[in-house]
Amino acid sequence: MVNYSGIIAGATMFIFTGIFHPVIIKCEYYFSAKIWPVFLVLGLACVGLSLCSENNIISDVSGILGFVLLWSIRELKQQEKRVAKGWFPGNPKRV
């Protein structure tokens, strides 16, 4: 029997990375990097779900999403630096 879990995990990582790239930019623009605790809580919740799930696909997808959310905390900080360098526009309502 063919095992598709690796393909699903790889596609999930690819999709979540693509989705979170603009999400980070928008979150930093509208909320600043101070929104990082939301990413922390959601990331830890997804990792916890991954540990508790008996279904391999759900465990894989929630684990990947959890770590993408946790990595997004770093990316929020980096995006803040990119805005400060002028590489991305800052929110004029927040400045």
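Right, let's walk through the structure included here. Model, not experiment: these values are computed from the prediction.

On to the pattern of salt bridges. Overall, the coordinates contain 2 salt bridges when judged by the stated rule. As a salt-bridge pair, Arg74 and Glu75 come within 3.2 Å of each other at their nearest N and O atoms. Assessed through its relative accessible area of 41%, Arg74 is described here as partly exposed. Among the salt bridges present, the one from Glu75 reaches Arg82, with a minimum N-O distance of 3.3 Å.

Along the chain, Ile24 turns up in helix α1 (residues 5-31). As a C-alpha pair, Ile24 and Lys77 span 53 residues in sequence and 9.7 Å in three-dimensional space.

The next subject is the nonpolar core. Of all hydrophobic cores here, the largest spans 14 residues; its most connected members are Phe20, Phe39 and Leu76. Where this core is concerned, the elements lending two or more residues are α1, α2 (36-52) and α3 (56-84). Those residues in contact with Phe39 that lie beyond four places of it in its chain are Phe20, Val23, Ile24, Cys27, Leu69, Leu70, Ser72, Ile73 and Leu76.

Right, let's get into the packing of aromatic side chains. For the structure on display, the rule yields 1 aromatic pair. Ring plane angle 85° and centroid distance 4.9 Å describe the contact between Tyr29 and Tyr30, whose orientation is recorded as edge-to-face.

With that out of the way, let us pick up α3. The end-to-end C-alpha separation of α3 is 42 Å, in line with the 42 Å expected for 29 residues at 1.5 Å each. Along α3, the largest kink reaches about 30° and is centred on Ile73. Among the residues of α3, those classed as buried are Ser59, Ser62, Gly63, Ile64, Gly66, Val68, Leu69, Ser72, Ile73, Leu76, Gln79 and Val83. For α3, the elements touching its buried residues are α1 and α2. If you check the start of α3, you find a side-chain oxygen 2.8 Å away from the backbone N of Ile57, and it comes from Asn55. Remark: Gly86 follows α3 within two positions and exhibits a positive phi of approximately 90°.

Positionally, Ser59 belongs in helix α3. Beyond its immediate sequence surroundings of up to four residues, Ser59 is in contact with Ser50 and Ser53.

Our focus in this paragraph is α2. With 17 residues, α2 should reach 24 Å at 1.5 Å per residue; the first-to-last C-alpha distance of 24 Å fits that figure. Turning to α2, its buried residues number three or more, namely Phe39, Gly43, Cys46, Val47 and Ser50. On an axial view of α2, the arc spanned by its buried residues comes to 100°, and they lie on one face. What points out from α2, more than 90 degrees from its buried face, is the exposed set Val41, Leu44, Leu51 and Cys52. The inward-facing, buried residues of α2 abut α1 and α3.

Thresholds, definitions, all that
- Residues numbered from 1 in each chain as written.
- Predicted model: local features only at pLDDT ≥ 70, side-chain atom pairs only at ≥ 80, totals over all residues.
- Heavy atoms only, no water.
- Salt bridge = Lys/Arg side-chain N within 4 Å of Asp/Glu carboxyl O.
- Buried < 20%, exposed > 50% of the residue type's maximum accessible area, 1.4 Å probe, protein only.
- Helix = DSSP H or I, 4+ residues; strand = E, 2+ residues; numbered from the N terminus.
- Core = buried A, V, L, I, M, F, W, Y, C linked by side-chain atoms within 4.5 Å.
- Contact = heavy atoms within 4.5 Å.
- Phe/Tyr/Trp six-rings, centres within 6.5 Å; stacked < 30°, edge-to-face > 60°.
- Expected span 1.5 Å × (residues − 1).
- Bend = angle between axes of the 7 residues up to and from the residue.
- Polar contact = N/O pair within 3.5 Å; in protein donor to acceptor, adjacent residues only side chain to side chain.
- Arc of directions from axis to C-beta.

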